[in-house]
Amino acid sequence: MRTFFLPVMVMFIFVLESIIVDLVPIPFLSDHQVAVPHLLLLMIVILAAYGSRKIAVIYGIVFGLLFDVVYTQVIGIYAFSFPTLAYLVIQALRVLNPNIFVLIFLTELSVALLEFFTYGIYLLIGMTAVPLQLFTIDRLLPTLALNFVLACVLIYPLKKFVLGLKIGEHND
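The rules behind each value
Residues numbered from 1 in each chain as written. Predicted model: local features only at pLDDT ≥ 70, side-chain atom pairs only at ≥ 80, totals over all residues. Heavy atoms only, no water. 1 Å grid on protein atoms, 1.4 Å probe; cavity = no way out; pocket = protein on both sides within 12 Å on 5 of 7 lines; lining within 4 Å. Points joined across faces, edges and corners; volume = space filled by probe spheres on them. Helix = DSSP H or I, 4+ residues; strand = E, 2+ residues; numbered from the N terminus. Nonpolar A, V, L, I, M, F, W, Y, C, P; charged D, E, K, R; others polar. Expected span 1.5 Å × (residues − 1). Polar contact = N/O pair within 3.5 Å; in protein donor to acceptor, adjacent residues only side chain to side chain. Axes fitted to C-alpha atoms, helices over the stretch in contact; angles between N-to-C directions. Parallel < 35°, antiparallel > 145°, perpendicular 65-115°, else oblique. Left-handed = near helix turned anticlockwise from the far one by under 90°. Contact = heavy atoms within 4.5 Å. Phe/Tyr/Trp six-rings, centres within 6.5 Å; stacked < 30°, edge-to-face > 60°. Buried < 20%, exposed > 50% of the residue type's maximum accessible area, 1.4 Å probe, protein only.

Caption draft 1: Structural view of the layout of surface pockets. Considered as a void within the structure, the largest pocket measures approximately 530 Å³ in volume. If you go around the largest pocket, you meet 25 residues; those closest to its centre are V34, V36, Y78, E115 and R139. Residue assignment for the lining of the largest pocket shows that the elements contributing at least two residues are α1 (2–23), α3 (53–71), α5 (100–124) and α6 (132–165). Partitioned by chemical class, the residues of the lining of the largest pocket number 14 nonpolar, six polar and five charged.

Written out as structure tokens, the structure reads:
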């Protein structure tokens, strides 16, 4: 029965990620700025820290591909990024203690890497012509600010959820 709760929760987060900006007004944004919540990435970081590392990478692949199919025009960006970032978080947690401050830092670093990677791929294939400075001011900084707030609010409840499922050992 426990194995049922994790996919349902991650699917709920997947849906919530797309509607959270419409549900919650973000007061620090101007009209031309965009803040993108990355709740799936936060969940993958929590799974890597407190759940099964193998499951974190698998969920990164599956939900990254689902994210690509539903939300993007280029298949493979998130399907590659999510498991890669999960792996990097796993490697970082081999030497770092997974406390809330480390997880907030790793989440912010993962969001920044994801945003830069996505921007770079879109720039490379010609789907965007936004200069780096404009991208940083209008998208990266608001996205990092929003995800910082979301991480501060959601890390503890998600940690309790994952630990309550007992889906894997931290050392697998």
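Now that the structure is up, let's keep going.
Caption draft 2: Geometry of α5. Compared with an ideal rise of 1.5 Å per residue, which puts 25 residues at 36 Å, α5 spans 36 Å between its outermost C-alpha atoms and is within 8% of the ideal. Regarding α5, its N-cap is N99, as a side-chain oxygen of that residue lies 3.0 Å from the backbone nitrogen of F101 further along. Positioned one or two residues after α5, G126 has a phi angle of 85°, which is positive.

Caption draft 3: The arrangement of the packing of helix α2 (residues 39–50) against α6 in detail. It is at 10 Å that the axes of α2 and α6 come closest, and there the two elements cross at 45°. One finds that α2 runs oblique with respect to α6. When the axes of α2 and α6 are compared, the crossing they make is right-handed. Contacts between α2 and α6 involve L39, L42, M43, I46, L47 and Y50 from the first element and L150, A151, L154, I155, L158, K159, F161, V162 and L163 from the second.

Caption draft 4: Molecular detail of the packing of aromatic side chains. Inspection of the entire model under this criterion finds 12 aromatic pairs. Both rings, one in F14 and one in F63, keep their centres 6.4 Å apart while their planes meet at 55°; by these two values the pair is tilted. Of the two residues, F14 is situated in helix α1 and F63 in helix α3; the sequence distance between them amounts to 49 residues. For F63, a relative accessible area of 8% translates into the label buried. An angle of 40° between the planes, with centres 5.7 Å apart, marks the rings of F80 and F117 as tilted.

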